[in-house]
Number of protein chains: 2
Amino acid sequence: MRAEYINPFITSLNNAFSTMLNCPVSRGPLRLRSGNGALHEVSGIIGLSGRAVGTVVLSLSREVALQAASTMLMMEATEINDDVVDAVGELTNMVASGAKAQLEQFDLSISLPNVITGSHHEIRFPSNVSPICVPFTTPWGPMAMEVGLTEVAVPV
Amino acid sequence: MRAEYINPFITSLNNAFSTMLNCPVSRGPLRLRSGNGALHEVSGIIGLSGRAVGTVVLSLSREVALQAASTMLMMEATEINDDVVDAVGELTNMVASGAKAQLEQFDLSISLPNVITGSHHEIRFPSNVSPICVPFTTPWGPMAMEVGLTEVAVPV
């Protein structure tokens, strides 16, 4: 994946967290994923397709997932229940939608968000895709975004 | 999700397993997902978008993943390594592609397959989507397919 493609996703994540959650985020250094260890406990995942195909993963520590959901739902969330899953899915969808708007050249469409839970889950990409991982810190705790996007000759 | 939409996915899975893996599969009763327990240890996941949005999950027991990959790779796979992950991703992609061809009315496009590992992972859908789960048995062990697909008014 070309490194410049990550920027629209970073911008979109920053926008979502600042405008909707009023939560400032601080980005760590980009890195190619090495190894396949779990990122964090709750991961939103959404597929992209068009003139490129790919996946956005938004992986949140438990604390970030609960606080983000509490803010979005305007009620305190204390466990990873359906409401929190929906909130994390919606957040993932917003990040993908914001990036899609900045990547017009790929005419992307976005699938349904799923949320993966389990403290030891790993999300792996095809070996010919090199996803870029971006760690973030927030006042609520750590999180990370991972994006794998590969151009296709013919839209799928 | 309307129950008839599951049939193209079942047909496609049967085709993939019989033609590519020479592995007969036997389908159990359809059920709506209740609870969010893990299905099996290795899950391929791929997003769909167009006039409907959704996700296909192909969740394989460890034995099915290893045997399917061994057959596809023509070498014995004994651990869940990158080759097995790629094989499971490709299998998931084939199931989705075969179903897409039978669901022309939705003009679906398919994203990149990801593979989730970890014996206790759970893959959750938005609460307004009711995915259908189809258990299968094979000579290699159990597996399951889960599909959530929801029609959209305006293609995304």
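For the structure itself, consult the block above.
Residues numbered from 1 in each chain as written. Chains lettered and ligands numbered in written order. Predicted model: local features only at pLDDT ≥ 70, side-chain atom pairs only at ≥ 80, totals over all residues. Heavy atoms only, no water.

## Regarding the overall build of chain A
Helix and strand counts for chain A come out as 3 helices and 9 strands. When the helices and strands of chain A are placed in sequence order, the string is α-β-β-β-β-α-α-β-β-β-β-β. Taken against the 2.2 N^0.38 rule, which gives 15 Å for 156 residues, the C-alpha radius of gyration of chain A at 15 Å falls within 12% of a compact globule. For chain A, the C-alpha atoms occupy an extent of roughly 45 × 30 × 25 Å along the three principal directions. Counting over 156 residues, chain A shows a buried share of 54%. When contacts within chain A are restricted to residue pairs at least 6 apart in sequence, those whose partners lie at least 24 apart make up 71%. Total accessible area on chain A stands at roughly 6400 Å², and carbon and sulfur atoms take up 49% of it. When the 8 basic and 14 acidic side-chain charges of chain A are each reduced to a single mean position, those positions are 11 Å apart. (Helix = DSSP H or I, 4+ residues; strand = E, 2+ residues; numbered from the N terminus. Rg over C-alpha atoms; globule rule 2.2 N^0.38 Å. Buried < 20%, exposed > 50% of the residue type's maximum accessible area, 1.4 Å probe, protein only. Contact = heavy atoms within 4.5 Å. Areas by Shrake-Rupley, 256 points an atom, 1.4 Å probe, with all protein chains shown as cover. Lys, Arg positive; Asp, Glu negative; His and termini not counted. Charge placed at Lys NZ, Arg CZ, Asp CG, Glu CD.)

## Focus: the pairing of strand S6 (residues 114-117) of chain B
Residues Asn114 and Ile116 of chain B point to one face of S6 of chain B and Val115 and Thr117 of chain B to the other, with burial holding for every one of them. Two elements, strand S7 (residues 122-124) of chain A and S6 of chain B, share 3 bridges in a ladder whose sense is antiparallel. Directly across from Glu122 of chain A, in S6 of chain B, lies its bridge partner Thr117 of chain B. Here strand S3 (residues 42-49) of chain B runs beside S6 of chain B; their pairing, made up of 4 bridges, is antiparallel. Looking at the pairing, Gly44 of chain B lines up with Val115 of chain B of S6 of chain B. (Pairing = 2+ DSSP bridges.)

## Details of unusual backbone geometry
Residues and elements named next belong to chain B. Phi angles above zero are rare outside glycine, and Asn22 is one such case at about 55 degrees. For Asn22, the position within the fold is in the loop between helix H1 (6-20) and strand S1 (26-27). The exposure class of Asn22 is exposed, given its relative accessible area of 68%. Non-glycine residue Asp107 carries a positive phi angle of around 45 degrees. Within the secondary structure, Asp107 sits in the loop between helix H3 (82-102) and strand S5 (109-110).

## Side note on the interface of chain B and chain A
Chain B puts 36 residues into the contact, and the matching count from chain A is 36 residues. Interface area lost by chain B to chain A is led by Leu112, Asn114 and Arg124 of chain B, which between them contribute 26%. Applying the counting criterion to the chain B and chain A interface returns 2 salt bridges. We note a salt bridge from Asp82 of chain B to Arg124 of chain A, for which the minimum N-O separation is 3.3 Å. Here chain B and chain A share 15 residue pairs in polar contact (both at pLDDT 80 or more) between them. Broken down by secondary-structure element, the contributors of at least two residues to the side of chain B that touches chain A are S3, strand S4 (52-60), H3, S5, S6, strand S7 (122-124) and strand S9 (141-151) of chain B. Taken together, the residues of the side of chain B that touches chain A break down into 15 nonpolar, 16 polar and 5 charged. (Buried area = accessible area lost by both parts, 1.4 Å probe. Salt bridge = Lys/Arg side-chain N within 4 Å of Asp/Glu carboxyl O. Polar contact = N/O pair within 3.5 Å; in protein donor to acceptor, adjacent residues only side chain to side chain. Nonpolar A, V, L, I, M, F, W, Y, C, P; charged D, E, K, R; others polar.)

## Some points on the relation of the copies chain B and chain A
Superposing chain B onto chain A takes a rotation of 180 degrees combined with a translation of 0.0 Å along the rotation axis, leaving an RMSD of 0.0 Å. Considering both components of the superposition, the chain copies are consistent with a two-fold axis. Taken as a fraction of all interface residues of chain B, those also at the interface in chain A reach 100%, which identifies the copy contact as same-surface. (Least-squares fit on C-alpha atoms with pLDDT ≥ 70 in both.)

## Describing helix H2 (residues 62-73) of chain B
Residues and elements named next belong to chain B. The end-to-end C-alpha distance of H2 is 16 Å, a good match for the 16 Å that 12 residues give at a rise of 1.5 Å each. On its buried face, H2 is in contact with H1, S3, S4, H3, strand S8 (132-138) and S9. Met74 sits one or two residues past H2 and shows a positive phi near 55 degrees. (Expected span 1.5 Å × (residues − 1).)

## Topic: the side chain of Thr55 of chain A
As for its placement among the helices and strands, Thr55 of chain A is situated in strand S4 (residues 52-60). For Thr55 of chain A, a relative accessible area of 1% gives the class buried. Engagement of the side chain of Thr55 of chain A in a polar contact is seen with the side chain of Asn114 of chain B, the distance being 2.6 Å. When near neighbours in sequence (up to four residues on either side) are disregarded, Thr55 of chain A contacts Ile45, Ile46, Phe125, Glu146, Val147 and Gly148 of chain A together with Leu112 and Asn114 of chain B.

## Regarding the pattern of salt bridges
The full count for this structure, using the stated rule, is 10 salt bridges over all chains. Among the charged side chains, a salt-bridge network with shared partners connects Arg2, Glu4 and Glu151 of chain A.

## Overview of the packing of aromatic side chains
All names here are of chain A. Evaluation of the coordinates by the stated rule reveals 2 aromatic pairs over all chains. Each ring, one from Tyr5 and one from Phe106, has its centre 5.1 Å from the other, and the planes form 90 degrees; the classification is edge-to-face. You can see Tyr5 sitting in the segment before helix H1 (6-20) and its partner Phe106 sitting in the loop between helix H3 (82-102) and strand S5 (109-110), a full 101 residues away along the chain. Each member of the pair, Tyr5 together with Phe106, is buried. (Phe/Tyr/Trp six-rings, centres within 6.5 Å; stacked < 30°, edge-to-face > 60°.)

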